[in-house]
Every structure is written in structure tokens, then in C-alpha cells.
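# Chains, contacts and geometry: an overview
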Amino acid sequence: MKLTTTLVVSSAMALATGFANAADMADEMTIVSWGGAYTDSQQNAYHTPYSEMTGVDIINDASSNEAVAKLRAMNEAGNVTWDVVDVVAADAMRLCDEGLALEIDFDTQLAAAPDGTSATDDFGDLLVSDCFIPQIVYSTTFGYRTDMVGDTPPTDICAVFDLETYPGKRSLEKRPINNMEWALLCDGVAKADVYDVLETPEGQERALAKLDTIKDSVIWWSAGADTPQLLADEEVIMGSTYNGRLFSLIEEQNQPVAMLWDAQVYDLDGWIIPAGLSPEREARALDYIMFATDTQRLADQAKYISYGPARASSAPLVGKHAELGIDMAPHMPTDPNNAKNTFLYNYEFWADYRDDIDAKFQAWLAK
Amino acid sequence: MSDTTNSGPVLAADGTPLKRSLARALRTQKLRALALVAPLLIFVLITFLAPIADMLFRSVENDIVRKTLPKTVAALSTWDPNSGELPDEAVYAALADDLKVAVAEKDHTKLGSRLNYELTGASSLFRKSGRKVKKWDLETDGPFKEKFIELHEGWGELPIWQTIKIYSPKYTSGYFLNAVDLKKGLDGIESRPENEQIYWLLFKRTMFMSMVITISCIMLGYPVAWILANLPMRTSNLLMILVLLPFWTSLLVRTSAWKVMLQQQGVINDTLVWLGLVGDADRLTMINNQFGTIVAMTHILLPFMILPMYSVMQTIPETYLRAAKSLGATNWTAFWRVYFPQSVPGIGAGSILVFILSIGYYITPEIVGGNTGTFISNRIAFHISSSLNWGLGAALGAILLLVVLLLYWAYDQIVGIDNVKLGG
């Protein structure tokens, strides 16, 4: 009994200090993320402190948008070269389903909050998959040009479908997810019923019919940088994108653009560890994850980019932007003022309906 | 007389028949030649042919159902999917048995994703069932039919069983059928619902737009190639750099440049508005549609047309044209009857290059294509990298490959492939 306790305590200490059993861990790791400002924020908040603490070399790879396909190919080839991968929650679910990601025991493999709250409780509902460690909450929302909307700036998501009050082009993502939900909301479906309606073929037709009313005025984007560019060029009057992109457009580039915080869709981004790593690399990856997803580190990332930390305990620690010196809290999608009317993305629904609705959406789009 | 003396085989100096000796010498030569090309041959085999073969194989391979649910598939063999009745308890028991194994291997969710391409909802059906079945005891927890239906209503409905039955063989034509807007039904092949039909449209569009791009390249490239071929060497070299310069610029940069040029607040529209040719309110839409894709791709592929044309035209002696004119031909006749036929091999080579490059083009249509200017390759990319439906992606790719081979064959029949020249 005593021996077991000693073992547990010592291994816990070893894990906590990181370098005690460093001999059993790889001293180099490849972390895959989205590149750009996002990877920079992770470099500052996670990678650099971790490297300083452990002496591990961290290599950044900006392949997250193709992570699912590449991980599958690597797995088939039996040569996984990535150690930790940053993906959105839907992709994480897919990877978990395909057996390409490691299942995580959240309470033992992640740090507890400073006040002792277990990781499971601290992340709460955001633990949407057994393989996925949430990192940030982002939202897909609309930005509009303040100089093109006249005296009545839009406050309602349905402004997107209102061509009379807000004539001009708008940009939407070239996929059904989010657009179908917004279309139904603006077609009079109550927020709670959206997915029930969208389950039925009639509901899908209804959403597409609503989108059809603005089809000629839409520019479809596939890269997150498209909408900010289109807004800056005055090509569109409003457009959807990730809130962090709009933040940098508004605060860093000082464009006459404002955020439309209504029915923005919450989504999660976080880490997975690929399945099939060698024990040393897996141990290193787990050690990194333990460090990078603790309360302080998640709050630190918010200094560099306007995405909300996924832990409840991190929210009070969010401070000012590292360079601009402005308070970051009001720019977070999780801020109470911004989160008055939000929409929670239904992962289970889209995992089931993605193939079917995507086929219909693309067929509608191509016509 | 001479017949009798010469009837034996001709002998070489060492006494072996000359024929055999020659064959041996040739064989050594051939082997040496083969050894010389071997590095390239092996490289091509490993990096090019093997992946293509593997991709073609994926478009029919469907082992996952049989491998994950072997007992269920066997038990289902006696069930009639058209009967309108659910399978019997034996099948459900077999399913419980199979799922138990699959969950331990984490294969059930893979199967769920696979079947979800055919039946919406299969993904969560298997994911949820896996979690529960894990805790079942196969010996004591039966009968399983009620248990499964209680677990998820999907198991009490016909579609999932029909889908498992239809997709139980090791090989399937399902992906190929899907790629041409058909599907496997209970009574054979049926058409997909109209609001899901997209691939046939995209194939037609890809062919049509590639054709238009090829023709635009010929129209624009021919005069340029002619000028290049007929100017003094020093000037033509200088102009050649102008042709090659965009060729050396990044594809993304050139595509994005077209965005800046063509968009509604772009250079061309601004100029037209400034000139008063169009009103500020009705600026032209020239991008995010077919027009934008054709313009950008014509520009990007133009060098592939000009270069082979140029090298063929360079070899046509100027004297032919002069001779034709001195014999009384007009400028047009001299060009059309004498010059043009000799330049056809260059057009052929350029057209094949441009056409084949453009039907497989992906990045430019993705950026400037909007919704009416996208190609089939954009859907292939989607299925490979996003939906992970590699079987369907492979089937679409295989069809595209087949179309190219068919067109190549047609070209050979009409123009003749010997008539294609990349130079000299």
C-alpha cells in the first residue's frame, strides 16, 4: 500500500516537474497549427516558455487545415511525424472516430485548476470528444463596413438576408455549416428548434430556399483571410469570418469595420495527439499538453489573439493585448456583452449530416 | 547449285549461328540500355504508377464492412432486404458479437464514418452503440434485438440493415455510381435525388471551360508565337523573357493579381467608371464566376501554348511564304495554305498541354471561381482533404483520367499523335 502511494506520488511529481524523467521523452517535437497570427500567439504563450523550461526543440508546421487527411495518410503509411496537432472540434471528432487520435483521460492527463477544480469540471461542456483538449473558444460572426451601412448599423443576424436595407455583396463561407443555421433562424425558426428542422429534408430545402434569396449577392470564401480582405477592399458590405480575424482588421489595421455580435456560432479549437506515436514521443506530447492547457497558459494566449480561453478558470486572468495594450476581455466571444445571443454549434448533428447536407449544398451552389 | 551450299545457317566467326550471336549481342545492349533507364523507370513506377494504381483500387475497395462485421454479414445473407421486415434475433446477436470486437479495436466508428457516406446518421449510430455495447455481456444479456432497438431507434428501422447488406461485398461499384450521380438501391442502380446531383454537371463544366481556355490560348498565343518566331533573334529573345516572366512568378501571386484587377472595386472597374463607360452603381461582375476563371487560367496557361508553337514556327523557313507570294498567292492564301498547316503540330502540342493541365486545375478555380467557375478537381480535393471520402475522390479521379485518355485517343484518330511537336 505504502509502496503504491510512494510510486503514485513520485510519478506525479515527475510529471509535474517535467524534466525528472526527461530521459524517457523525446527532446524534439513537431507541433501543427494554423500558421500566421494564431501560431505566433501559441509560440509566445506556450512554445517559448515550454522550450525554456525543458530545453525541447519545437518545430512549427502550419498544416492544420489539411490535418485530418494528412494524419490519415501518415497513419496508413505507418509513419506519423507530428506530435501535437491543433484542430477544430469537428475535425477532432472525426480523427477520434477514425482511431487516428489518442484518447485522453482528462482528469489525470491534464492539470487541475489552481483552486483544485478538476480539468473535467473546468472545461465543462467543451469536452466534446474523448480525444480533444479544447484550447480556445472562437466564434464565426459577421463584420460590416461602418461607412456602407448608413445610419442604421445592423444589430441582427438577419441583416445578412435583408437586401433592401443593406444592399451590396456579403461574403459567406463556402460550406453548409453555419449558413444553414443562420438561414433557418432568419426564416423564423426558433433557436432551439434549428437542428430539429434541419434534420428533415424539408428543413434543408427551406434553409437553401432562404439562402437562395441572397445567392446572387454572395461571395463565397474558403480561407479565413478572405472576408477581412473583401471588407478592406469594400467588395462586400458584410461578411462572416472568425472573430479573431475581424479583431485584427478593426484594432490592428484600423479599418472602418465593426463586429455584429448576434447569433455568432461558437466553435472550439484545441489539441489532439496522434495515435501511434513511439512511447517517448507520446510522453513528450502529453507532458507538453499538460503544461500548455493549464489555467495560466490558456489565459496567456489571449494576450496575443482575441479568442476566449476554454477553461472557466482562465477567464478572470485575461489581461491586456501584449502590443496594443487594450483590454482583451471586451473582444472575447465569451464576454457577456458579446455573448448575449449566441448559437452553439452541434457537433453530433454535423458529424451525421455533413456528407448529406454538403452534397445538397454544393449541388445548390453549382446551379 | 548455290542453293545447296548456302542452305545451312550463316555462321559467325566463332562458329555459332550468326542469328543467335546477333540476338545475344542485342540482348546485352538492351540490358545495358535498360540499366541506364532503370533509375528513372523505378522512380516513375514507385512515385507515379504505384500511387495511381493504389488510387484506382481505392475507388472499388470496400473491405471495411465485411472485416468489421463478419458474423453480421454472414447472418444477413439469408435476409431479404425487400421483405419489409427486420432481420431476426440471430442477426442482432451476431451484431452484438461483432461490435464487441470492433469496439475493442476502435473500428466501429470507422465503419460508422464509412456507412455515413451512404446513410445519414450511421456515424452517430455506431458511435453511440459502441459506448453501450462495450458494457454488455454476450452470454447473459440477450436477446439483443430489443436491446439494440432500445439503444437506438435506428436499429429498429430498415435503412441501416439495407445499407449494410448492399455494401457488404468486398468490392463495390458504389463510389463510381456516386461519382456520376447514381446510387445503389435495393433494386439495382437508381438515380440520385435531383437536389444532390452535382458531379455530372461539374464534369461537363470542367470539359467546357477547359475547351474555352484552350481556344482562348490558341487565339492569343498564335500571333505572339508568330511575332517571336519572325523577329530578329535579339528582339525575340527580349520578348521571350516577357512571356517567361509570368511563368516564373508564383501561381498564387498571379491569381491574386487577377483578383485585384477584376473585382468590383478593382483596377478595371475603376478605370471603366472613371472613363464613364459604366455607372458607379452597376460595376461589372468579372470575378467569382466562370469569366474570372477563364481569364485567369488563360493567362496562367498561355506560356504552355506559346512555347511549343514558337519552337515549331521557328523551323518553318521564311522562303516558303515568299515563294508562295511570288507564285501569285495573296497574303491570306500564303498564310492559310502554306504557313498554317506547317504550324499545326505546334498548336496540337500546345493544346494538349493546356487542355490536360486545365482539366486538373485546382487552385485558381478555388480562388476566383466563385460558385459557377469551379472544376471537378475542387470536389476531388474536398473529398480527399475534408470529407475523407477517399473512395469517392478516387472514383472521380479515375473518371477524369479515363476522360483524358479518351480525348487523347480521339486526338490521335483525328490529328494523329505523330503530328505533335514540341520543337524542331
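Read on for a plain summary of the structure. (Residues numbered from 1 in each chain as written. Chains lettered and ligands numbered in written order. Predicted model: local features only at pLDDT ≥ 70, side-chain atom pairs only at ≥ 80, totals over all residues. Heavy atoms only, no water.)

Describing an aromatic ring pair means giving the distance of the ring centres and the angle of the ring planes. Residues and elements named next belong to chain A. The full count for this structure, using the stated rule, is 33 aromatic pairs over all chains. Ring plane angle 90° and centroid distance 5.8 Å describe the contact between W221 and Y242, whose orientation is recorded as edge-to-face. Pair noted here: W221 is in strand β6 (residues 218-221) and Y242 is in strand β7 (residues 238-242), with a separation of 21 residues, a long-range link. The class of W221 is buried, set by a relative accessible area of 1%. For Y242, a relative accessible area of 22% puts it in the partly exposed group. Of note, K215 hangs over the ring of W364, and the distance from its end group to the ring centre comes to 4.8 Å. (Phe/Tyr/Trp six-rings, centres within 6.5 Å; stacked < 30°, edge-to-face > 60°. Helix = DSSP H or I, 4+ residues; strand = E, 2+ residues; numbered from the N terminus. Buried < 20%, exposed > 50% of the residue type's maximum accessible area, 1.4 Å probe, protein only. Lys NZ or Arg CZ within 6 Å of the ring centre and 35° of its normal.)

This next bit is on empty space enclosed by the protein. With the rule as written, the count across this model stands at two cavities of 30 Å³ or more. Looking at the largest cavity, its volume works out to about 170 Å³. Taken together, 16 residues form the lining of the largest cavity, with A90(A), R94(A), W350(A), A351(A) and R354(A) sitting closest to its centre. Counting only elements with at least two residues in the lining of the largest cavity, the list comes to α4 (89-97) and α14 (347-366) of chain A together with α6 (108-116) and α7 (122-133) of chain B. When residues of the lining of the largest cavity are assigned to their parent elements, the largest contribution, five residues, is made by α14(A). (1 Å grid on protein atoms, 1.4 Å probe; cavity = no way out; pocket = protein on both sides within 12 Å on 5 of 7 lines; lining within 4 Å. Points joined across faces, edges and corners; volume = space filled by probe spheres on them.)

In this section: the state of the cysteines. All names here are of chain A. All told, the structure shown has two disulfides over all chains when counted by the stated rule. Here C96 connects covalently by a disulfide to C131, the sulfurs 1.9 Å from one another. The S-S bond linking C96 to C131 shows a torsion near 65°; that makes this disulfide right-handed. Of this pair, C96 sits in helix α4 while C131 sits in the loop between α6 (119-123) and β4 (133-145), and the two are 35 residues apart along the sequence. Taking the relative accessible area as the measure of exposure, C96 reaches 8% and is therefore buried. For C131, a relative accessible area of 0% gives the class buried. (Disulfide = S-S within 2.5 Å.)

This part takes up the pattern of salt bridges. All names here are of chain B. A complete count under the given rule lists 27 salt bridges over all chains for this structure. Notably, a salt bridge pairs R66 with D63, separated by 3.8 Å at the nearest N-O pair. Here R66 and its partner D63 are both found in helix α3 (residues 63-68), three residues apart, which amounts to about one turn of the helix. In this structure, D97 and K71 form a salt bridge, with 3.0 Å as the shortest nitrogen-oxygen distance. Taken together, the residues D97 in helix α5 (residues 89-105) and K71 in helix α4 (residues 70-76) connect sequence positions 26 residues apart. Classification of D97 by relative accessible area gives partly exposed; the value is 23%. (Salt bridge = Lys/Arg side-chain N within 4 Å of Asp/Glu carboxyl O.)

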